[in-house]
Amino acid sequence: KAGVTQTPRYLIKTRGQQVTLSCSPISGHRSVSWYQQTPGQGLQFLFEYFSETQRNKGNFPGRFSGRQFSNSRSEMNVSTLELGDSALYLCASSRILGYEQYFGPGTRLTVT
Amino acid sequence: DQQVKQNSPSLSVQEGRISILNCDYTNSMFDYFLWYKKYPAEGPTFLISISSIKDKNEDGRFTVFLNKSAKHLSLHIVPSQPGDSAVYFCACGGSQGNLIFGKGTKLSVKP
């Protein structure tokens, strides 16, 4: 069974631009979660989608948004990029909310 | 306010000895607990989990212990191997919704 895939793997953007990251979950998984990882901050929860509905949201500004499509694929968007948005963005999928999640390799975003 | 805490940012252990990683949580609504392992530039890999109805779960060299009254869980790795060197995250979740992760403990296993 194929794992979680994320595209692109690496991205360099400048301040003020916007970016869209994509995640394809494991087949059969309907829940997709997004996390931001920065040094020393662990995994900061962004949001979680289940059956195209946002079920939970972390404490991030409105510049961070996401959506999930009917095939469970998900995208997250960051508008008006800031230097502090440089991070590893991880997507994880699971069958059921709150249980085992399986992570993709992440997208490394660098904002200059 | 952190709901899930891993108070040791790093741990160094000799190869062949036991590694014990600890995690504390504050929310009594959590009923499912997990450990993940992460290498640099990769996504976390699921290691082992335990539900609140149990106090121990084993999988090979990895054992997770849960003390619900103390709101504490730990991961034991026996024997530790150099390939176990990574960052370990505990996560709490279950029926209340999304997983909440600790900040991680960097384990170094020295040959």
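What you see is a predicted model, and the numbers here were worked out from it, not measured in a lab.

Q: Outline the pairing of strand 3 (residues 19-25) of chain B, supporting the account with residue identities and numerical values.
A: Residue and element names in this part refer to chain B. Going residue by residue along strand 3, you find S19, L21, C23 and Y25 tucked away on one face and I20, N22 and D24 left uncovered on the opposite face. When strand 1 (residues 4-5) meets strand 3, the two strands line up antiparallel, connected through two bridges. When the sheet's bridge partners are listed, V4 is paired in strand 3 with Y25. Sheet topology note: the strand 3/strand 8 (residues 72-77) ladder contains six bridges and is antiparallel. For D24, the partnering residue across the bridge sits in strand 8 and is H72.

Q: Explain the pattern of salt bridges to me, and be specific about the residues and the numbers.
A: All names here are of chain A. This model, assessed by the stated rule, comprises six salt bridges over all chains. Residues D85 and R63 are paired through a salt bridge, measuring 2.8 Å at the closest nitrogen-oxygen approach. Linking D85 in the loop between strand 8 (74-78) and strand 9 (87-94) with R63 in the loop between strand 6 (53-57) and strand 7 (64-68), this pair joins segments that are 22 residues apart in sequence. Owing to a relative accessible area of 4%, D85 belongs among the buried residues under this scheme.

Q: I'd like a rundown of the interface of chain A and chain B, residues and numbers included.
A: Residue-level contacts link 21 residues of chain A with 21 residues of chain B. With both sides pooled, the region where chain A packs onto chain B buries about 1600 Å², and carbon together with sulfur makes up 59% of that total. Joining chain A to chain B, the criterion identifies zero salt bridges. Across the chain A-chain B interface, the total number found is four residue pairs in polar contact (both at pLDDT 80 or more). Here the side of chain A that touches chain B gets four residues from one element, more than from any other, and that element is strand 5 (residues 42-50) of chain A.

Q: Outline the sheet that holds strand 8 of chain A, supporting the account with residue identities and numerical values.
A: Strands belonging to one sheet form pairs held by backbone hydrogen bonds; the direction of such a pair is parallel or antiparallel. All names here are of chain A. Reading across the sheet, the four strands line up as 1-3-8-7 and stay open at both edges, with antiparallel pairing between neighbours. Each edge of the sheet is formed by a strand with only one pairing partner; in this case those strands are strand 1 (5-7) and strand 7. This sheet shows a mean twist of 20° between the axes of neighbouring strands, independent of strand direction. Here strand 3 (residues 19-24) pairs with strand 8 via five bridges, running antiparallel. Each bridged residue has a counterpart across the sheet, and for V19 the counterpart in strand 8 is V78.

Q: Describe the sheet that holds strand 8 of chain B, listing the residues and the values that go with them.
A: Reading across from one edge, 1-3-8-7-6 (chain B) is the order of the five strands in this open sheet, with antiparallel pairing throughout. Looking along the sheet, the strands with just one partner apiece sit at the ends: strand 1 and strand 6 (56-59) of chain B.

Q: Explain the state of the cysteines to me, using residue names and the numbers behind them.
A: Applying the stated rule across the entire model yields two disulfides over all chains. Across the disulfide from A:C23 sits A:C91; the S-S distance is 1.7 Å. Taking the sign of the S-S torsion, -55° for the link of A:C23 and A:C91, the bridge is left-handed. One end of the pair, A:C23, is in strand 3; the other, A:C91, is in strand 9, and 68 residues separate them in sequence. With a relative accessible area of 0%, A:C91 lands in the buried category. The partner cysteine of B:C23 in its disulfide is B:C90, sulfur to sulfur 1.9 Å. One quick way to see it: the torsion about the S-S bond of B:C23 and B:C90 is about 60°, and its sign makes the bridge right-handed.

Q: Give a detailed account of the pairing of strand 9 (residues 86-94) of chain B, specifying residues and quantitative values.
A: All names here are of chain B. By the criterion of burial, strand 9 is predominantly enclosed, with eight of the nine residues buried. Of the pairings in the sheet, the one linking strand 9 to strand 11 (residues 105-110) comprises three bridges and is antiparallel in character. Note that in strand 11 the partner of V87 across the bridge is K106. Relative to strand 10 (residues 97-101), strand 9 is paired through three bridges, and the arrangement is antiparallel. Counted as the bridge partner of G94 is G97 from strand 10.

Parameters at a glance
- Residues numbered from 1 in each chain as written.
- Chains lettered and ligands numbered in written order.
- Predicted model: local features only at pLDDT ≥ 70, side-chain atom pairs only at ≥ 80, totals over all residues.
- Heavy atoms only, no water.
- Buried < 20%, exposed > 50% of the residue type's maximum accessible area, 1.4 Å probe, protein only.
- Helix = DSSP H or I, 4+ residues; strand = E, 2+ residues; numbered from the N terminus.
- Pairing = 2+ DSSP bridges.
- Salt bridge = Lys/Arg side-chain N within 4 Å of Asp/Glu carboxyl O.
- Contact = heavy atoms within 4.5 Å.
- Buried area = accessible area lost by both parts, 1.4 Å probe.
- Polar contact = N/O pair within 3.5 Å; in protein donor to acceptor, adjacent residues only side chain to side chain.
- Axes fitted to C-alpha atoms, helices over the stretch in contact; angles between N-to-C directions.
- Disulfide = S-S within 2.5 Å.

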